Amino acid sequence: MTSPERVLNAEGQTRLVRHFQDQISEIESHAAGWSNLWDTDNSNLWDRGKPSPALIDLIEERRDLFYPLTETGKKKKALVPGCGKGYDVVMLALHGFDVYGLDVSATGVAIAREYAKAELATPQAYNFGKAWNSVESEGQATGEVTFIEGDFFQSDWETEGQFDLIYDYTFLCALHPSMRPRWASRMGELISPIGMLVCLEFPMYQDPKLPGPPWGLKGVHWNLLAEGGCGTVSDKGDDGLRNQGKAQFRRVFPVQDSCM
């Protein structure tokens, strides 16, 4: 999987950091901080305007892993936490999954629903990759799209049954580093025992000790998911990530960059 294009320019990143600086000591206020950005029409600070090309390539080229139907012919269920305007949610639905987009902002969810309504009616070319015309599409009707306003770490929004696919692109990097173990634990609760968690590592080259969001994630996914670590720089000030528990996930296929 290739590295994603940079979502934030330097000015946008600086504005995000300033917005959250006063909330660093109050972790639970981060959700309100993101909602405030939606409500004040500042979603352009992280919006890329289209679904992730890397995710499109992955699901189209690895149909052996990401075929959208179960053995019984039922559509697989996918989740995109922190879904924003719903680009990846709609794209996955167009590839045959029943997809749930989760966001903490009521404004964001309303915008995503409007986007999905228009896009599903007349899909744009950016929803498909080069491999689309060559893949086997028999029985692959467009999936259902559902947007939910809710907190990822709470259970009141949960649907019936676990998810077959969860995609995280810019969700983990938006969370304060102290929340990373909770993120990993929550993923383990939400995904089915044979489900797939796809994580696109972003930003790759930012020093993990610098303030965010986005917070640098180089090595963090591997540490959290495959090593059972806490995903943060150690108290000693070095760049090693601390291990403190049992890993919940295993890497099932080799990739370039970071994708679990």
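Residues numbered from 1 in each chain as written. Predicted model: local features only at pLDDT ≥ 70, side-chain atom pairs only at ≥ 80, totals over all residues. Heavy atoms only, no water.

In the nomenclature of an unreviewed UniProt entry, the protein corresponds to S-adenosyl-L-methionine-dependent methyltransferase from the organism Aspergillus tanneri.

*Asks:* Please set out the packing of aromatic side chains residue by residue, giving values where relevant.
*Replies:* Under the criterion given, the structure shown has 7 aromatic pairs. For the ring pair tyrosine 169 and phenylalanine 202, a centre distance of 5.9 Å and an interplane angle of 70 degrees mean the geometry is edge-to-face. Within this pair, whereas tyrosine 169 is found in the loop between strand E4 (163–168) and helix H7 (180–190), its partner phenylalanine 202 is found in the loop between strand E5 (191–199) and helix H8 (220–226), the two being separated by 33 residues in sequence. Assessed through its relative accessible area of 7%, tyrosine 169 is described here as buried. Through a chain of ring-to-ring contacts, the aromatic side chains of Phe152, Phe153 and Phe171 assemble into a single cluster. Looking at lysine 77, its charged tip hangs above the ring of phenylalanine 163, at a distance of 4.7 Å from the centre. In this structure, arginine 186 is placed above the aromatic ring of phenylalanine 152, and the distance from its NZ or CZ to the ring centre is 6.0 Å. (Phe/Tyr/Trp six-rings, centres within 6.5 Å; stacked < 30°, edge-to-face > 60°. Helix = DSSP H or I, 4+ residues; strand = E, 2+ residues; numbered from the N terminus. Buried < 20%, exposed > 50% of the residue type's maximum accessible area, 1.4 Å probe, protein only. Lys NZ or Arg CZ within 6 Å of the ring centre and 35° of its normal.)

*Asks:* Before we move on, could you go through the side chain of glutamine 206 and cite the residues and values that matter?
*Replies:* Note that glutamine 206 resides in the loop between E5 and H8. Here glutamine 206 falls in the buried class, since its relative accessible area comes to 10%. A distance of 2.7 Å separates the side chain of glutamine 206 from the backbone oxygen of proline 214, its partner in a polar contact. (Polar contact = N/O pair within 3.5 Å; in protein donor to acceptor, adjacent residues only side chain to side chain.)

*Asks:* Describe the side chain of glutamate 201, with residues and values.
*Replies:* Relative to the elements of secondary structure, glutamate 201 occurs in the loop between E5 and H8. In this structure glutamate 201 is buried but unpaired, with lysine 218 as the nearest side chain of opposite charge at 6.8 Å. In this structure the side chain of glutamate 201 is engaged in a polar contact, spanning 3.1 Å, whose partner is the backbone nitrogen of glycine 219. (Lys, Arg positive; Asp, Glu negative; His and termini not counted. Salt bridge = Lys/Arg side-chain N within 4 Å of Asp/Glu carboxyl O.)

*Asks:* Go over the nonpolar core, please, and point to the residues and values.
*Replies:* Core analysis: the largest hydrophobic core is formed by 56 residues, its most contacted members being Leu92 and Trp183. The biggest single contributor to this core is helix H5 (residues 87–94), with 7 residues. (Core = buried A, V, L, I, M, F, W, Y, C linked by side-chain atoms within 4.5 Å.)

*Asks:* Just give me the short version of the pairing of E4, but keep the residues and values in it.
*Replies:* Within E4, 5 of the 6 residues are buried, which leaves the element mostly enclosed by the surrounding structure. Here strand E1 (residues 77–81) runs beside E4; their pairing, made up of 2 bridges, is parallel. Across the sheet, the residue bridging to alanine 78 is leucine 165, located in E4. With 5 bridges connecting them, E4 and E5 associate as parallel partners. The residue of E5 that forms the bridge with aspartate 168 is cysteine 199. Read from E4 through H7 to E5, the crossover connection turns out right-handed. (Pairing = 2+ DSSP bridges. Right-handed = clockwise from strand over helix to strand, strands pointing away.)

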